[in-house]
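Report on the structure
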Amino acid sequence: MNGLSMKHLRYFDALARLGHFGRAAEACSISQPALSVQVKELEDLVGAPLVERGGRRIRLTGLGEEFAARTQAILRAVDDLEDLGRAAHGPLAGRLRLGIIPTVAPYLLPDIIKALARLYPGLDPRPREAITQRLIEDLAEARLDVAIVALPISEPALEEIPLFEEEFVLVRPLEDIGKPVPVSERLHEMRLLLLEEGHCFRDQALSVCNIAPTSTRDLMEGSSLSTLVQMVGAGIGVTLIPQMAVDTEMRSAAVCVSRLAEPRPTRTIGMVWRKTNPLSGRFAVIANIVREAGVDKQKQMAGSLVASCAARLRV
């Protein structure tokens, strides 16, 4: 097929994965008409349709499904070759596709990017925020290099490096400041607010409160920690958030934050990557940078928690 390019394959791979021209174009950082032209060129080169057009989502033809599987294998091999070349030369540089879960990204990612820019000016971080399941899938398909997630993941093909422990704290309406802190198992009696299904932090919060996932029908949900904290400020209920989120989320909500009783619930934040990646040694160095950023953030948030609670008590 003369004229077939890696660009054709990457654009078609995005369309096959996302099932939508608009989202695929956004993922590829091009316009939707440009993506459509590239896919049509690919079909002309192949000599048969790969995509069924019509409706809001596209479907792959039988040939398109087989072509998509072969395309993914080719792109994985090409990415591995690029990584092999990068591993053989000097300091870490070039593209770094970094996945990060939503309950960490807003609070730690800026510090990570600043540290990487200072230590590796030739590195081009490309962060992507998504839930854990999506990040693990993208790692397996070589669409990400590394991911920052809550451990354990327990995938045999992935290397797991624990970075730091993070405490969960209780967020209550401001009028509850100074009141005794309930034990974790009683939080569901106070109208516990949770992240929607798919977030690992939801499962961790349920475990802290000893609530079975099958009995969450009457619990209220939000799409982000910010939404949950605003709901608490409106008097709807209480919620749990990771300690690193305290400073950011308390700025615009009438809430108070308390540490839970010993043994205080925590989660382990870590970094994962494919064991077969030639850059594994370099990723271990990046993991240390993320660890330092996380530990520093924990120290800042511990001080912020004490200062914020003291200030609100004076008010």
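Residues numbered from 1 in each chain as written. Predicted model: local features only at pLDDT ≥ 70, side-chain atom pairs only at ≥ 80, totals over all residues. Heavy atoms only, no water.

**So, the overall build of the chain**
Along the chain, the regular secondary structure elements total 10 helices and 11 strands. Counting only contacts in the chain whose residues sit at least 6 apart along the sequence, the fraction spanning at least 24 positions is 72%. In the form shown here, the chain has an accessible surface area of approximately 15,500 Å², with 53% of it arising from carbon and sulfur atoms. (Helix = DSSP H or I, 4+ residues; strand = E, 2+ residues; numbered from the N terminus. Contact = heavy atoms within 4.5 Å. Areas by Shrake-Rupley, 256 points an atom, 1.4 Å probe, with all protein chains shown as cover.)

**A word on the pairing of strand S10 (residues 255-259)**
For S10, the buried fraction is high: 4 of the 5 residues fall into the buried class. With 5 bridges joining them, strand S6 (residues 158-173) and S10 adopt antiparallel strand pairing. Within S10, the residue paired with valine 169 across the bridge is arginine 259. (Buried < 20%, exposed > 50% of the residue type's maximum accessible area, 1.4 Å probe, protein only. Pairing = 2+ DSSP bridges.)

**A look at the layout of surface pockets**
Taken as a whole, the largest pocket holds about 990 Å³ of empty space. As for the largest pocket, its lining consists of 26 residues, of which Arg17, Ala27, Cys28, Arg128 and Arg143 are closest to the centre. Elements supplying a minimum of two residues to the lining of the largest pocket: helix H1 (6-18), helix H2 (21-28), helix H4 (62-87), strand S3 (94-100), strand S4 (123-129) and helix H6 (132-140). Counted by class, the lining of the largest pocket contains 9 nonpolar, 2 polar and 15 charged residues. (1 Å grid on protein atoms, 1.4 Å probe; cavity = no way out; pocket = protein on both sides within 12 Å on 5 of 7 lines; lining within 4 Å. Points joined across faces, edges and corners; volume = space filled by probe spheres on them. Nonpolar A, V, L, I, M, F, W, Y, C, P; charged D, E, K, R; others polar.)

**Digging into the packing of aromatic side chains**
Using the criterion set out here, one finds 3 aromatic pairs in the structure. Centre to centre, the rings of phenylalanine 168 and phenylalanine 201 are 4.8 Å apart; their planes meet at 45°, and the pair counts as tilted. In this pair, phenylalanine 168 sits in strand S6 while phenylalanine 201 sits in helix H7 (residues 200-208), placing the two residues 33 residues apart along the sequence. Take phenylalanine 168 and phenylalanine 201: they sit in the same class, and that class is buried. When the ring of tryptophan 273 is compared with that of phenylalanine 283, the centres are 5.7 Å apart and the planes differ by 65°; the resulting orientation is edge-to-face. Taken together, the residues span a long stretch of sequence, with tryptophan 273 in strand S11 (residues 266-274) and phenylalanine 283 in helix H10 (residues 280-314) at a distance of 10 residues. With a relative accessible area of 3%, tryptophan 273 lands in the buried category. Residue classification places phenylalanine 283 among the buried positions, given a relative accessible area of 0%. (Phe/Tyr/Trp six-rings, centres within 6.5 Å; stacked < 30°, edge-to-face > 60°.)

**A few points about the packing of H1 against helix H3 (residues 32-46)**
The interhelical angle for the contact between H1 and H3, taken along N-to-C directions, is 110°, at an axis separation of 9 Å. Between H1 and H3, the angle falls in the class roughly perpendicular. Crossing of H1 against H3: the hand is left-handed. Across the interface between the two elements, Lys7, His8, Tyr11, Phe12 and Leu15 of H1 pack against Leu35, Gln38, Val39, Glu41, Leu42 and Leu45 of H3. Grouping the constituent residues of the contact of H1 with H3 by class yields 7 nonpolar, 2 polar and 2 charged. (Axes fitted to C-alpha atoms, helices over the stretch in contact; angles between N-to-C directions. Parallel < 35°, antiparallel > 145°, perpendicular 65-115°, else oblique. Left-handed = near helix turned anticlockwise from the far one by under 90°.)

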